[in-house]
Amino acid sequence: MNRPSLDEDLNESEDLGAGLGLRPEGRVERRANRRKARARRGFGCFAGLISLLVVGSLVVGAVIGFGKGKDALEQMFAAPDYSGDGTGSVVVEITQGQSSQSIADTLEKKGVVKSARAFERAARDDPRSRQVQAGTYTLRKEMSAKAALELMLNPAKSILITRISFRSGQTKAEVSDTLQKSKLKLPAGAAAAAMAKPAALGLPAYAKNNPEGFLYPGTYDIPKGATAYTILKLMTAQYAKNAAAQDLVKTAQRKKLDPYQAVIVASIIGAETNRPQDYAKVARVIYNRLQAGKMLQMDSTIHYVVGRNGGVFTSSEQRDIDSPYNTYKVRGLPPTPINSPTKDTLRAAINPAAGSWMYFTLVNLDTGETAFASSADEHLQNVQKLQTWCAAHKGRC
C-alpha cells in the first residue's frame, strides 16, 4: 500500500483542523511563536553577556578604587555618634571591674553617647581606655564617643566621687596610710593630723576620745574635695549605724559588759581568727579567761605593738616586752581596741557562745581550722596537732 505524500498529509491535517473548528492560519501562528522564542533565547544570551561585562567592570572598578570603596563601606556601617564635647551635665557611676561594653551601655542609657557601639570602638582604638577608674563621673549629654573617653581619662576634671576600700582588721595607723596613698591626693600628713584631733570625728561617748576600733571597714564613696576629716567621719558614722542596728550599748549592759570593752573583744576576735563560725567561741574563751583571772595570752595584742610582719605567732622575746598590750604579762584586756571590728565580730562580742572553753589554737593555717579546749591537757593535744601540721608544711609556721 502506497503512503500519501507530505503535502497530502498537510492538506489532510488542514482539512481535519477545519473540521474541528480551528483556523487554517494556526500553523502560521505557531511558526511565528517559534521564531519569537528563538529570538528571546538569543536576546537572553546577549543580556547575560552584557551582565558579565557590567559585573566585571564593577569588580575592576572596586579594585582600582579600593580606597574610596573602603571609605564608603565604613561610612555605610559606622556606629551612630554625636560630634563635639556635648552640653549640660550628667552623673555616671562606673564600678570596679566593669567591662568596656558595660560602660558603653551605661553611657548610652545616660544619653552621654549616641550609641554604645561608638564608645566601644573609641575604647578599642585607644589603649588608654584600660586606665578608666571606678568612680562617679560628671560627664555631658550628647558627647562624641572620643570626647567622652577623653574626659573619663582625666579624673581630675570628671570624677565627682572616688571609691576607697578599707579592709577589716586595719589599725588606725593603717587606715591613715591607706588614705594618704589613695587617689584623693591628700596633703602630706593630713590623715595623721585628723587622727590626732578625734573630738571632730564624731566618736561615741564611750570611745575614750580614741578613733582606734571605730573606723568602720568597708567601701566608701568619697565626694570630690573631701578632707581627711570628712572621710574619717564617714567611717565613724558607719560604725555608729552598725552599733545601733545591734543595740550594742544596751545589749552589752544587759550582759554586764562595758560597751568599750566589747569593742576591744571584737577587735581581738577578728585578729585571732578569720572563720565566722568561730567568732562567738573565741569571745567565750576571752570572757571565760577574764572571769577565771587568767591572762589572755593572745598573740594578736602583741602584734599590735611590735607589728605582725606576716607571722601568726610571736617569739619568746616579743612575749617578754613591757607593754600594757602584752597579754602574756598583763592581766585583763588591752587598754584599747587593736583594729577596726566588723559587724560580725561586734555581734560575737556581745553574744558569746555558751561553753566552758579556756583555750583555742589553730591546727591548720591553710583552712583556718581552730580547735577549742576546756582543759590544759586537751589544749596540749590540740597544740600537738598544730605542730604536726607545721612539720608537714615547713616554713609556714
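K.L.:
Please set out the nonpolar core residue by residue, giving values where relevant.
P.N.:
Membership of the largest hydrophobic core comes to 56 residues, with the highest contact counts inside it found for Leu232, Tyr239, Ile269 and Ile286. Tallying contributions element by element places helix H12 (residues 259-272) first for this core, with eight residues. Membership of the second largest hydrophobic core comes to 26 residues, among which are Ala79, Ala122, Ala145 and Leu151.

K.L.:
Go over helix H8 (residues 172-180), please, and point to the residues and values.
P.N.:
Taken as a whole, H8 has its buried residues at Val175, Ser176 and Leu179. Angular distribution of buried residues about the axis of H8 spans 100°; they occupy a single face of the element. Packing partners of the buried residues in H8 comprise strand E3 (159-166), helix H9 (190-195) and helix H10 (228-245).

K.L.:
Run through the pattern of salt bridges, naming residues and quoting values.
P.N.:
Note on pairing: side chains with opposite charge can pair once their charged atoms come close. Counted according to the given criterion, the structure contains twelve salt bridges. Notably, a salt bridge pairs Arg167 with Glu174, separated by 3.5 Å at the nearest N-O pair. On the basis of relative accessibility, which here comes to 31%, the residue Glu174 falls in the partly exposed class. Close ionic contact of Asp322 with Lys329 constitutes a salt bridge, the shortest N to O distance being 2.8 Å. Judged by its relative accessible area of 72%, Asp322 is exposed. The exposure class assigned to Lys329 is partly exposed, which follows from its relative accessible area of 38%. Connected through salt bridges with shared partners, the residues Glu93, Arg163 and Asp221 form a single ionic network.

Calculation rules
- The numbering scheme is per chain: residues are counted from 1 as the chain's sequence reads.
- Reporting of local features is limited, given that this is a predicted model, to residues whose pLDDT is at least 70; pairs of side-chain atoms are given and counted only at 80 or more, and all residues count toward the totals for whole chains, interfaces and linings.
- In computing side-chain values, all of the structure's heavy atoms are included and hydrogens and water are not.
- To form a nonpolar core, buried Ala, Val, Leu, Ile, Met, Phe, Trp, Tyr and Cys residues must be joined to one another through side-chain atoms within 4.5 Å.
- A 1.4 Å probe rolled over the protein chains alone gives each residue an accessible area, and that area as a share of the maximum for its type sets the label: buried under 20%, exposed over 50%, partly exposed in between.
- Numbering goes from the N terminus for both helices and strands, where a helix is a DSSP run of H or I of at least four residues and a strand is a run of E of at least two.
- What the arc measures is the spread of directions leading from the helix axis to the C-beta atoms.
- Residue contacts are defined here by distance: any two heavy atoms, one from each residue, within 4.5 Å place the two residues in contact.
- When a carboxyl oxygen of Asp or Glu is within 4 Å of a side-chain nitrogen of Lys or Arg, the pair counts as a salt bridge.

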